[in-house]
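# Examining the three-dimensional arrangement
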Amino acid sequence: EARATAQIDHPNIPPVHRMGVFDDVGVYFTMKRVEGETLRVILRKLNEDKEGYRRTYTLHRLLEIFIGACNGVAFAHSHGILHCDLKPGNLMVGDYGEVMVMDWGMARYRADLDQGGSGNKMELDLECQLDSAPSASPGDGKVVLGGTPAFMPPEQLTGEVTEPTEAADVYGLGAILYTMLTWKNAPFDTNLPSEELMRRAAAGRIVPPRKAAPRGVIVPLELEAVCLKAMARDRSRRYRSVAELLDDVRNYLDGYPVAAYSPTPIYRLSKLIRRHPLVPSVLMAAILTWFGFYAFQLISNLSQSTSLINLAEFNYAQAREYNLLAQRTTRQIRQNQ
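## Points about the nonpolar core
If you look at the biggest cluster of nonpolar residues, it comprises 62 residues, and the most contacted ones within it are Phe-66, Trp-104, Leu-173 and Leu-245. Elements with a minimum of two residues in this core: helix 2 (39-47), helix 4 (59-78), strand 5 (91-94), strand 6 (99-101), helix 6 (166-182), helix 7 (194-203), helix 9 (221-230) and helix 10 (242-254). If we skip the residues at most four places from it in the chain, Leu-245 touches Phe-66, Cys-70, Val-170, Leu-173, Val-226, Ala-230 and Tyr-239.

Right under this line is the structure:
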């Protein structure tokens, strides 16, 4: 843990201040003390409806915590370091909004991901032997990487993959998002026997968040799609990087279309309206103005037509009277002759 975090200087990763070896007790390190609660505790208190928690930890606030975790993991990936054990219990939420990705004890180094290209800085010279190699060898059918079964990717549980990959951390972050949407402590029932839990996790049989969430908790379709894509059984269908996952979550918060959610023209139009409410308001005002003018013209023309019709009917009635009068007068003249 110390070797991993000592080289990652990021606000969402607790810094290591000092590391060394004592003759009497061996290796030691000191790191920042973080006051607060783990995400796991927060989710449990949300489920228990502890006073103030549901008001404080809204979906928006939980997504802010998730973004902080993604930022820390993405930064670590850029330095070639994979966490390999992401779960709510390893996310610390400070009293003043801090979000710390903790417990880097299972971290692995990947030279091909290290954008700095400075080599494996996890191999520190402490004047003693530190063996962090996996206990099992690739190809022996055992799970090489450690972790928490309910948050481990299926390919790791089945032994399909024996080397750490970005896809594993993407899956772990997707599982964390799942717990945020459902207020559960894991994507799978942790009360199940270990073998059954691992079997379900390896098969990728995940209950969609909208069905797993407690009654009254609304899970947006877009976030459910993001979560399920990050936790896809086929790792090739997951987000290619944490940055892509982060982009989709930010797009949701900013009102832009989410790549994981199949967009339709109506969906994109609704997103546009939400992002720019002034535009549809102006268009609606213009439409209403045009409709009002058209209606006024229509009513005015109708009123004029009605008046002309009434006038014509009046003139027609007058003409009939004059015609009858003329006929009577004619008859009288003929009788007097």
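Resuming the write-up.
## What to know about the side chain of Thr-182
Secondary-structure assignment places Thr-182 in helix 6. A relative accessible area of 1% places Thr-182 in the buried class. A distance of 2.8 Å separates the side chain of Thr-182 from the backbone oxygen of Tyr-178, its partner in a polar contact.

## Considering the packing of aromatic side chains
If you walk through the whole model with that rule in mind, you get 3 aromatic pairs. Between Phe-22 and Tyr-28 the ring centres are 4.3 Å apart and the planes differ by 15 degrees, which places this aromatic pair in the stacked class. The exposure class of Phe-22 is partly exposed, given its relative accessible area of 41%. One cation-aromatic arrangement involves Lys-229 over Tyr-239; the distance from NZ or CZ to the ring centre is 4.6 Å.

## So, the confidence of the model for the chain
For the chain, the mean per-residue pLDDT works out to 84, and 85% of the residues sit at or above 70. Counting contacts from residues 130-144, a segment whose pLDDT is below 50, to residues more than four positions away or on other chains yields 17 contacts.

## Things to note about the environment of Arg-238
With respect to the helices, strands and loops of the structure, Arg-238 is situated in the loop between helix 9 and helix 10. Arg-238 gets classed as buried once you look at its relative accessible area, which sits at 2%. C-alpha separation for the pair Arg-238 and Gly-174, spaced 64 residues apart in sequence, amounts to 9.5 Å. Here Arg-238 is in contact with Pro-153, Pro-154, Glu-155, Ala-167, Ala-168, Val-170, Tyr-171, Lys-229, Ala-230, Met-231, Ala-232 and Arg-233, once residues within four sequence places are set aside.

Rules used in this analysis
- Residues numbered from 1 in each chain as written.
- Predicted model: local features only at pLDDT ≥ 70, side-chain atom pairs only at ≥ 80, totals over all residues.
- Heavy atoms only, no water.
- Core = buried A, V, L, I, M, F, W, Y, C linked by side-chain atoms within 4.5 Å.
- Buried < 20%, exposed > 50% of the residue type's maximum accessible area, 1.4 Å probe, protein only.
- Helix = DSSP H or I, 4+ residues; strand = E, 2+ residues; numbered from the N terminus.
- Contact = heavy atoms within 4.5 Å.
- Polar contact = N/O pair within 3.5 Å; in protein donor to acceptor, adjacent residues only side chain to side chain.
- Phe/Tyr/Trp six-rings, centres within 6.5 Å; stacked < 30°, edge-to-face > 60°.
- Lys NZ or Arg CZ within 6 Å of the ring centre and 35° of its normal.
- pLDDT = per-residue confidence, 0-100.

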